[in-house]
Amino acid sequence: GEDGLAPAAFVAIGEMGRSVISCDLGRTWQRSRSFDVETGHAFQCGEPGPVTCGATSCRALDKNGFCNLSPACDCSTHPGASRGVALTDSGASLASWGKLFPGPTMLTADGDTWTTLFEEPRGAVGGVAYGNGVLALTVSGLPPVVFSSSDDGLSWQEAALPSGAGLIRDAEWVDVAGGTFVVRADDALVLSHDGGSSWFIPPDQPKRCLGADATILGGGDSIVLLGSSGFACTSTDRGLSWSTRTLDTAGVGAWTGSMFAAYDQGVVYTSEDGELWDRIETPGEPAPAVVRADPVTGVAVGVNARRDSEQRFMRSNDGIHWDALAPETFTGGHRISHIGVGPGTALCAE
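Residues numbered from 1 in each chain as written. Predicted model: local features only at pLDDT ≥ 70, side-chain atom pairs only at ≥ 80, totals over all residues. Heavy atoms only, no water.

(A) View of the sheet that holds strand β19 (residues 231–235). Strand order in the open sheet formed by 4 strands is β17-β18-β19-β20, and the pairing between neighbours is antiparallel. What marks the edges here is a single partner per strand, and that holds for β17 (214–219) and β20 (243–246). Averaged over all adjacent pairs, the angle separating strand axes in this sheet is 20°, with direction ignored. Across 4 bridges, strand β18 (residues 222–227) lies against β19 in antiparallel orientation. By the bridge assignment, I223 is partnered in β19 with S235. (Pairing = 2+ DSSP bridges. Helix = DSSP H or I, 4+ residues; strand = E, 2+ residues; numbered from the N terminus. Axes fitted to C-alpha atoms, helices over the stretch in contact; angles between N-to-C directions.)

The following block contains the structure:
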């Protein structure tokens, strides 16, 4: 890599506790693992796999400690449903799983061994974020809380989030104005401007970009929310006020280090500031369902919404045009929902 540094590592996580890592800027993906093919996880009542989501049966431990049988495994509500992933400056990766069923929050320093830090704390994890040395884990509950760590997950502090935000869907740290934590919930955005010490709900809200699916992006002076119903919401004052534009996309996008990009089938919208967008036709190219870009090189990686033999990984050198990876460069598996990027120093050490 540049200056002798390892290139950025991408860590993709998905259903059934899956994780897979790329150490060469998305050209190949290795170390694919998941709960069902590891020795029986307690969350799955000790029943080993492999599991085919939507086809074969699986068991799941509920909040009351009872084992539930799912005849055609519903992997979207399961202890192995993915909730978020973040990479720290030291190169460790933190990921969280479990939706409607308790799941683990796990840490890996080397990409091979995952250690459970804790099991679902009193609610559903709604997002994992990292910035300026702070890991933040946001949890829906009454009240909603955030667990933060400034020592790579060794110790955690708990703080209440403002009530009234609703079910927490996602959390992200954006490199805007010294760094801002952004938590997206059903009814409101919650922000922290001080590294997770305090949290507030700004009075002006990007209403059209909240809800079930949206992407939180930040770069330059702008925070951008790409909503799944065809809107882009932009703030240039650290999330205090918002403007809304119509974009004909489904909420999938990235910040490449120099521009925002929003993707859909056969089209990409690009913007330097989140306010003026250009439409570029990309007919015949693969369309990603989940994306992450490395802001240092501008390389973006993506995965489609399929699983197993229909899963496709893809990469983009310019954030605009996508190439599908050759089948031998990855192994299809459980559906991917989140991708993190960060230093490859530890995860990709030889």
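(B) Representation of empty space enclosed by the protein. All chains considered together, the criterion is met by 1 cavity of 30 Å³ or more. Space inside the largest cavity adds up to approximately 50 Å³. For the largest cavity, the full set of lining residues is Y263, D264, G266, V267, V268, T282, E285, P286, A287, P288, I320 and W322. Elements represented by at least two residues in the lining of the largest cavity include exactly β22 (260–264) and β23 (267–271). Partitioned by chemical class, the residues of the lining of the largest cavity number 8 nonpolar, 2 polar and 2 charged. (1 Å grid on protein atoms, 1.4 Å probe; cavity = no way out; pocket = protein on both sides within 12 Å on 5 of 7 lines; lining within 4 Å. Points joined across faces, edges and corners; volume = space filled by probe spheres on them. Nonpolar A, V, L, I, M, F, W, Y, C, P; charged D, E, K, R; others polar.)

(C) Main features of the environment of N132. Secondary-structure assignment places N132 in the loop between β10 (124–131) and β11 (134–140). Filtering out sequence-adjacent residues up to four positions away, N132 remains in contact with W173, G178 and G179. Polar contacts involving the side chain of N132 include one to the main-chain carbonyl oxygen of G178, which spans 2.9 Å. (Contact = heavy atoms within 4.5 Å. Polar contact = N/O pair within 3.5 Å; in protein donor to acceptor, adjacent residues only side chain to side chain.)

(D) Here's a closer look at unusual backbone geometry. One non-glycine residue, A177, lies in the positive phi region at around 55°. Topologically, A177 is positioned in the loop between β14 (168–174) and β15 (180–185). The backbone of R238 shows a phi angle near 65°, a positive value even though the residue is not glycine. In this fold, R238 is placed in the loop between β19 and β20.

(E) Layout of the state of the cysteines. Scanning the entire structure with this criterion turns up 5 disulfides. Between C58 and C73 runs a disulfide, and the two sulfur atoms are separated by 2.1 Å. Taking the torsion about the S-S bond as the criterion, the C58 to C73 disulfide, at about 80°, is right-handed. Taken together, the residues C58 in strand β4 (residues 58–61) and C73 in the loop between β5 (67–70) and β6 (82–87) connect sequence positions 15 residues apart. A disulfide bridge connects C209 with C233, and the sulfur atoms are separated by 2.1 Å. Where C209 bonds to C233 through sulfur, the torsion about that S-S bond is close to 85°, and the disulfide is right-handed. Residue C209 is found in the loop between β16 (189–192) and β17, and its partner C233 is found in strand β19; the two are separated by 24 residues along the sequence. The exposure classification of C209 matches that of C233, with both residues buried. If the cysteines joined by disulfides in the protein chain are listed in sequence order, their pairing comes out as 1-10, 2-5, 3-7, 4-6, 8-9. (Disulfide = S-S within 2.5 Å. Buried < 20%, exposed > 50% of the residue type's maximum accessible area, 1.4 Å probe, protein only.)

(F) Broad picture of the pairing of β15. Of all 6 residues in β15, 6 are buried; the element is thus mostly enclosed. Burial along β15 is two-sided: T180, V182 and R184 facing one way and F181, V183 and A185 facing the other are all buried. Here β14 runs beside β15; their pairing, made up of 6 bridges, is antiparallel. Bridging across to β15, W173 finds its partner in F181. Between β14 and the antiparallel strand that follows it, β15, lie 5 residues; A177 among them carries a positive phi value of about 55°. Sheet analysis places β15 next to β16, joined by 4 bridges and oriented antiparallel. By the bridge assignment, V183 is partnered in β16 with V190. Adjacent in sequence and paired antiparallel, β15 and β16 are bridged by 3 residues.

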